[in-house]
Amino acid sequence: GAVVSQHPSRVICKSGTSVKIECRSLDFQATTMFWYRQFPKQSLMLMATSNEGSKATYEQGVEKDKFLINHASLTLSTLTVTSAHPEDSSFYICSARSEEVYNEQFFGPGTRLTVL
Amino acid sequence: GENVEQHPSTLSVQEGDSAVIKCTYSDSASNYFPWYKQELGKRPQLIIDIRSNVGEKKDQRIAVTLNKTAKHFSLHITETQPEDSAVYFCAASIEGENTDKLIFGTGTRLQVFP
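Residues numbered from 1 in each chain as written. Chains lettered and ligands numbered in written order. Predicted model: local features only at pLDDT ≥ 70, side-chain atom pairs only at ≥ 80, totals over all residues. Heavy atoms only, no water.

Colleague: Got a minute to help me understand the overall build of chain B in this structure?
Modeller: Helices and strands together make up the secondary structure of chain B, namely zero helices and eleven strands. The order of helices and strands in chain B, counted from the N terminus, is β-β-β-β-β-β-β-β-β-β-β. Over its C-alpha atoms, taken along the principal directions, chain B stretches across nearly 45 × 30 × 20 Å. The buried share of chain B, reckoned over its 114 residues, is 46%. In chain B, of all internal contacts separated by at least 6 residues, the share reaching a separation of at least 24 is 53%. In the form shown here, chain B has an accessible surface area of approximately 5,800 Å², with 44% of it arising from carbon and sulfur atoms. Taken as two groups, the 12 positive and 15 negative side-chain charges of chain B have centres that lie 2 Å from each other. (Helix = DSSP H or I, 4+ residues; strand = E, 2+ residues; numbered from the N terminus. Buried < 20%, exposed > 50% of the residue type's maximum accessible area, 1.4 Å probe, protein only. Contact = heavy atoms within 4.5 Å. Areas by Shrake-Rupley, 256 points an atom, 1.4 Å probe, with all protein chains shown as cover. Lys, Arg positive; Asp, Glu negative; His and termini not counted. Charge placed at Lys NZ, Arg CZ, Asp CG, Glu CD.)

Colleague: When you look at the pairing of strand β4 (residues 32-38) of chain A in this model, what are you seeing that I'm missing?
Modeller: Residue and element names in this part refer to chain A. Counting buried residues in β4 gives seven out of seven residues, a clear majority hidden from the surface. Residues T32, F34, Y36 and Q38 line one face of β4 and the alternating positions M33, W35 and R37 line the opposite face, and both faces are buried. For β4 and strand β5 (residues 45-51), the ladder comprises six bridges, and the chain directions are antiparallel. Along β5, the bridge assignment pairs M33 with S50. The antiparallel hairpin formed by β4 and β5 contains six residues in its connecting segment, where K41 sits at a positive phi of about 60°. Across seven bridges, the pairing between β4 and strand β9 (residues 90-97) is antiparallel. Note on β9: the bridge partner recorded for W35 is C94. (Pairing = 2+ DSSP bridges.)

Colleague: Where do I start with the sheet that holds strand β8 (residues 76-81) of chain A in this structure?
Modeller: The strands that make up a sheet pair up through hydrogen bonds in the backbone, lying either parallel or antiparallel. Residues and elements named next belong to chain A. Taking strand neighbours across the sheet as the criterion, the four strands line up as β1-β3-β8-β7 in an open arrangement whose pairing is antiparallel. Edge strands, defined here as strands with exactly one partner in the open sheet, are β1 (4-7) and β7 (67-73). Sheet twist, expressed as the mean angle between neighbouring strand axes with direction ignored, is 15°. Of the pairings in the sheet, the one linking strand β3 (residues 19-25) to β8 comprises six bridges and is antiparallel in character. Looking at the pairing, C23 lines up with S77 of β8. (Axes fitted to C-alpha atoms, helices over the stretch in contact; angles between N-to-C directions.)

Colleague: In this structure, what is going on with the sheet that holds strand β7 (residues 62-67) of chain B? I would like to understand it.
Modeller: Residues and elements named next belong to chain B. Taken in spatial order, the five strands of this open sheet run β1-β3-β8-β7-β6, and their pairing is antiparallel. Lying at the two open borders of the sheet, with one neighbouring strand each, are β1 (4-7) and β6 (56-59). Taking the axes of each pair of neighbouring strands and ignoring which way they run, one obtains an average angle of 15° across the sheet. In this sheet, strand β8 (residues 72-77) lies alongside strand β3 (residues 19-25) in antiparallel orientation, the contact comprising six bridges. What sits directly across from V20, in β8, is H76.

Colleague: Would you mind showing me how to read the pattern of salt bridges here?
Modeller: A side chain of one charge can pair with a side chain of the opposite charge if their charged atoms are brought near each other. Residue and element names in this part refer to chain A. A complete count under the given rule lists six salt bridges over all chains for this structure. In this structure, the salt-bridge partner of E22 is R24, at a minimum N-O distance of 3.3 Å. Classification of E22 by relative accessible area gives partly exposed; the value is 26%. Using a relative accessible area of 32% as the deciding quantity, one classes R24 as partly exposed. Measuring nitrogen to oxygen at the nearest pair gives 2.9 Å for the salt bridge that ties K66 to D88. Taken together, the residues span a long stretch of sequence, with K66 in the loop between β6 (57-58) and β7 and D88 in the loop between β8 and β9 at a distance of 22 residues. (Salt bridge = Lys/Arg side-chain N within 4 Å of Asp/Glu carboxyl O.)

Colleague: Looking at this model, I keep getting lost on the interface of chain A and chain B. Mind explaining?
Modeller: Where interface size is quoted, it is often the accessible area lost as the parts come together. Every contact between the two is made by 25 residues of chain A and, on the other side, 23 residues of chain B. Summed over the shared surface of chain A and chain B, the result is one salt bridge. A salt bridge links E59 of chain A to K101 of chain B, with the shortest nitrogen-to-oxygen separation between them at 2.8 Å. Scanning the region where chain A abuts chain B turns up seven residue pairs in polar contact (both at pLDDT 80 or more). At the level of elements, β4, β5 and β9 of chain A are the ones that each hand at least two residues to the side of chain A that touches chain B. (Polar contact = N/O pair within 3.5 Å; in protein donor to acceptor, adjacent residues only side chain to side chain.)

Okay, structure coming up:
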């Protein structure tokens, strides 16, 4: 149980385009989902926290107009990188948490974004 | 802001030896401390976690100890194997604006040589 999927696994796009990444909890209802960014050889940096049906809470320094997060249902959250630039190239990982097992986060497989 | 320090950044051991990774946290209200193993290009995998109401937890070759007074916790891997080679991250829960969130340590690259 507690499986989280993420799509796409890899995406290459041109500078200035927008990219949408989906995060799904497959066998549980995720009241909260988290989005992280990980640069090569670095740690996971939390970008934002989203709760179903409400606006996401962004970490300091993360532009909410650039990284649009939608948590429309208890099993799906999306991250849209708008007007992507090469410096946005990174590994984006989502995680999901249920109320039944509070604190524990289940991670998706990640999305490797490369902006040319 | 709140942070989690992790040491060492790299650790090389011989197969069969033990490995210890240490973390310190700053928020005295933190009450959940997971450890993750991440292989290159893969998702972090939870290997063990501990909550603030216990001081030690063990699962086969892996153990975690927690000292709330000193605000530090450690991961112990015994009888290491080459497949233990990966990057290990500690994390500590902190209270966010609407819900608890995790702050991650900087990671430890463990290499186990046959």
